[in-house]
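Each chain, written out:
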Amino acid sequence: MAELDPASALGHRELGLTDEDVLSMYGHMLLARAVDERMWLMQRAGKIPFIISGQGHEAAQVGTTWPMRRNQDWMAPYYRSIASAITFGMSAEDIITAHLAKGDDVSSGGRQMPGHYGAARNNIVSVSSPVGTQVLHAVGLAMGAWVRGDDMVAITSFGEGTSNQGEIHEGMNFAGVHKLPVIFVCENNGWAISVPLERQVGGLSVAARAEGYGFPGVTVDGGDPLACYAVARAAHQRAQRGDGPTLIEARVVRLTSHSSDDDQRRYRDPAEVEELKEHDPIPFFSNRLRAAGLLTDEADAALRAEIKTEINEAQAQAEARPDPDAATAHRWVYAEGAD
Amino acid sequence: MAELNILEAIRLAMDEEMERDPDVMLLGEDVGRKGGVFGATEGLWAKYGDKRVLDTPLSEALIAGAAMGAAMYGLRPVAEMQFADFVYPAFNQIVSEISRLRYRSNNSFGLPIVIRMPYGGGVHGALYHSQSNETYFTSTVGLKVVAPGTPADAKGLLKASIRDPDPVMFFEHKKVYRLFRADVPDGDHVVPIGRADVARPGKHLSIFCYGYMRICALEAAEMLAREDGLEAEVVDLRTLRPLDTETLLASVARTGRALVVHEANRFGGFGAEVAATIAEAGFESLDAPVTRLAGPEVPGVPYHHNLEDWFMLNPAKIVEAARSLAAY
Ligand SMILES: Cc1ncc(C[n+]2csc(CCOP(=O)(O)OP(=O)(O)O)c2C)c(N)n1
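Residues numbered from 1 in each chain as written. Chains lettered and ligands numbered in written order. Predicted model: local features only at pLDDT ≥ 70, side-chain atom pairs only at ≥ 80, totals over all residues. Heavy atoms only, no water.

Enquirer: What am I meant to see in the pairing of strand β4 (residues 76–80) of chain B here?
Expert: Both faces of the sheet carry side chains from a regular strand, because those side chains alternate between them. All names here are of chain B. Taking burial as the measure, the five residues of β4 include five buried ones, the bulk of the element. Here β4 shows no split at all, with R76, V78 and E80 on one side and P77 and A79 on the other all buried. Relative to β4, strand β2 (residues 24–28) runs parallel, the two being bridged by five bridges. Across the sheet, M25 pairs through a bridge with P77, a residue of β4. (Buried < 20%, exposed > 50% of the residue type's maximum accessible area, 1.4 Å probe, protein only. Helix = DSSP H or I, 4+ residues; strand = E, 2+ residues; numbered from the N terminus. Pairing = 2+ DSSP bridges.)

Below, the structure is given as structure tokens:
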């Protein structure tokens, strides 16, 4: 009798992922978490005035952005998209530099507040603050590729509270009409600052809305990166085939308060907050990798140590970068000279 | 030279630009098969196909937001708002997103977008088909705002707007779409954004105007010359942002008197900016206070012709304002 391979139980091979791929996905999740935690420390130390966290969303973000082709596909993210931005090619240093608002920060040159990711060189649209606007930009990018006949798929993400913005309806409807190559990802963490899902979404399902737009809506466990990858891969293939959009609703947890300006103990049951840790996607995935024989305690420790060094260096490099010069603040309202 | 009306000039500009540059595309409500509710895009759908001349759903935020996405992708979208009155659902996209993307990304992204909007009253369109809402956009840094008053300028400015690397709000007064024909230079006639036009030279007072008001002001100047012997200089601003302060101040230096005329209401209107510019930089040239003649302080153009006529500016009202300014 052939010996059972514990790794096959993970199911990644059926998804076309190698052992290295899943370990790399895990590494991206760890890196995103480590950057996030470091920024909270920097916030407490008074180096950053504000932070808005992606903790709890890492599996959903890494899983849904993993099928996207770097420098070919595009992403219109939102303020929790640290892991997505990293998967799309931003580095820990880019992200810390942006949070420190340094003059050569790739996202905005110190013009935008923390959490406003973006990098033209990585096909990442610049994030703004009014929620939901980015969904139309992803639709417009997909429209551009469709008009030109290019092979490009756009992905965009937003919260379930944001899913109630009219612009999202306008964008999804149009994408449905023309079967545009776009993937909508709702990272549903159950809370929009202090207002819970029950008071945000009539019907309680964002995915169910897709039916009205004429494309599939799927709900997935956002704590499971492979489950997220599976639905996103299918969505990507569907978009590439010209069959149109998919709406993915990833059920995730918000492990932190809404932002560093918020205290969730004021509106969230302490027992619920305590219980949240059990839904942390990082130990969940780590345990599955161990059970599959793909990760040992030593390898995990080594990976974490490597990431810690990377972050220490990233922070040191970022802090050493020059602050923006007020003499440049008037620039780039319009194109200057030859564009 | 061809004799065209403004609508034909606008259509020709889009046609020529689409022919010249495959990245130029049109999108909006009914712009495709129908050719637009005013006919501005007539014939272009048949010529360029239904992707480059794209009928969108009834979704203004989508029109602006998708134009932004497509522009980031490398296209040059020319979006049509069916009426300027219906741009408000897209306001968030225009003001929060389109106007500030270049600045907020520190020049990583730029948006070559034109948003064409039929505006203005005098067409029995009442409160919601007559608005002159240009100041929402002239007060938004990051946008350029253009409002032509002749067929040649309509063609030349639209071509310049389509080629511009930044977003341009292009205001087309509905009343003048088919009002008259005039010579339009053939071929690559481009009128640079940001230059006013001295439409009629004069020495006694300057009338600053744009869009349909250029036509009214020229008629008024004719009457003033005939009946009063007053030589009014008519300056068509053509571009509201960036404003050609040089031409504006040079005119005031010649005449010493400034009358600003616009159909939009007066309070906080574009005339306030023109008046402030003259007060700050042309004070010494002035022989009289800068005067504004503008639409009345009501929320919109009322429907019945008695009411609409009361609302609308016309050559006679401009003559009257010019006479009292000249007499100061
Ligand atoms: C148009 C707009 N309204 C309000 C806000 C303030 N605001 C920022 S985030 C947020 C909650 C968003 O919740 P959700 O979409 O569920 O995403 P989450 O933060 O939970 O990931 C609110 C109300 C905003 N940024 N933009």
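Structure shown, so let's carry the discussion forward.
Enquirer: Help me out: how do you make sense of empty space enclosed by the protein in this one?
Expert: One water molecule sets the probe size; rolling that probe over the atoms shows where empty space is left. Enumeration according to the criterion identifies six cavities of 30 Å³ or more in this entry. Quantified by volume, the largest cavity comes out at close to 90 Å³. As for the largest cavity, its lining consists of 17 residues, and the residues nearest its centre are Y78(A), S128(A), P130(A), G132(A) and Q134(A). If one sorts the elements of the lining of the largest cavity by residue count, helix α5 (residues 133–148) of chain A sits on top with three residues. Here the residues of the lining of the largest cavity sort into seven nonpolar, eight polar and two charged. One number sums up the size of the second largest cavity: a volume of about 60 Å³. In this structure, the second largest cavity is lined by Y119(B), S132(B), E134(B), H173(B), Y210(B), Y212(B), M213(B), V261(B), H262(B) and E263(B). (1 Å grid on protein atoms, 1.4 Å probe; cavity = no way out; pocket = protein on both sides within 12 Å on 5 of 7 lines; lining within 4 Å. Points joined across faces, edges and corners; volume = space filled by probe spheres on them. Nonpolar A, V, L, I, M, F, W, Y, C, P; charged D, E, K, R; others polar.)

Enquirer: What exactly am I supposed to notice about the nonpolar core here?
Expert: The nonpolar side chains of a soluble globular protein tend to be buried, and buried together. Counting 81 residues, the largest nonpolar core has M143(A), F184(A), I94(B), F208(B) and L237(B) as its most contacted members. Among the elements that line this core, the one with the most residues is helix α3 (residues 60–73) of chain B, at 11 residues. Membership of the second largest hydrophobic core comes to 65 residues, among which are M29(A), I82(A), I96(A) and V185(A). (Core = buried A, V, L, I, M, F, W, Y, C linked by side-chain atoms within 4.5 Å.)

Enquirer: In this structure, what is going on with the site of the ligand? I would like to understand it.
Expert: All names here are of chain A. Neighbouring residues of the ligand: 16 residues in total, closest Y79, R80, G161, T162 and W191. Measuring from an oxygen atom of the ligand, one finds a side-chain N or O atom of Y79 at 2.7 Å. E160 is positioned such that a nitrogen or oxygen atom in its side chain is 3.2 Å from an oxygen atom of the ligand. Considered on its own, the ligand offers 590 Å² of accessible surface; in the complex 71% of this is hidden by protein. (Near = heavy atom within 4 Å. Polar contact = N/O pair within 3.5 Å; in protein donor to acceptor, adjacent residues only side chain to side chain. Areas by Shrake-Rupley, 256 points an atom, 1.4 Å probe, with all protein chains shown as cover.)

Enquirer: Hey, could you run me through the packing of helix α9 (residues 245–255) of chain B against helix α10 (residues 270–281) of chain B in this one?
Expert: A pair of packed helices is characterised by two quantities: the angle between their axes and the separation of those axes. Residues and elements named next belong to chain B. Packing of α9 against α10 brings their axes to within 10 Å, and their N-to-C directions diverge by 65°. By the angle between their axes, α9 is roughly perpendicular relative to α10. In the crossing of α9 with α10, the sense of the turn from one axis to the other is right-handed. Of the residues in α10, those in contact with T245, L248, L249 and V252 of α9 are V274, T277, I278 and A281. Here the contact of α9 with α10 is built from residues that sort into six nonpolar, two polar and no charged. (Axes fitted to C-alpha atoms, helices over the stretch in contact; angles between N-to-C directions. Parallel < 35°, antiparallel > 145°, perpendicular 65-115°, else oblique. Left-handed = near helix turned anticlockwise from the far one by under 90°. Contact = heavy atoms within 4.5 Å.)

Enquirer: What's the story with the packing of aromatic side chains in this structure? I'm lost.
Expert: For any pair of aromatic rings, the description consists of the separation of the ring centres together with the inter-plane angle of the planes. Residue and element names in this part refer to chain A. In total, this model carries 15 aromatic pairs over all chains according to the counting rule given. Each ring, one from Y26 and one from F285, has its centre 6.1 Å from the other, and the planes form 70°; the classification is edge-to-face. Taken together, the positions of Y26 in helix α1 (residues 19–44) and F285 in helix α10 (residues 281–291) put the pair 259 residues apart, joining distant regions of the chain. Judged by relative accessible area, Y26 falls into the buried class, the value being 0%. Where W191 meets Y267, the ring centres are 5.6 Å apart and the plane angle is 45°; that geometry is what we call tilted. In this pair, W191 sits in strand β4 (residues 191–192) while Y267 sits in the loop between β7 (246–251) and α9 (270–276), placing the two residues 76 residues apart along the sequence. Assessed through its relative accessible area of 21%, Y267 is described here as partly exposed. (Phe/Tyr/Trp six-rings, centres within 6.5 Å; stacked < 30°, edge-to-face > 60°.)

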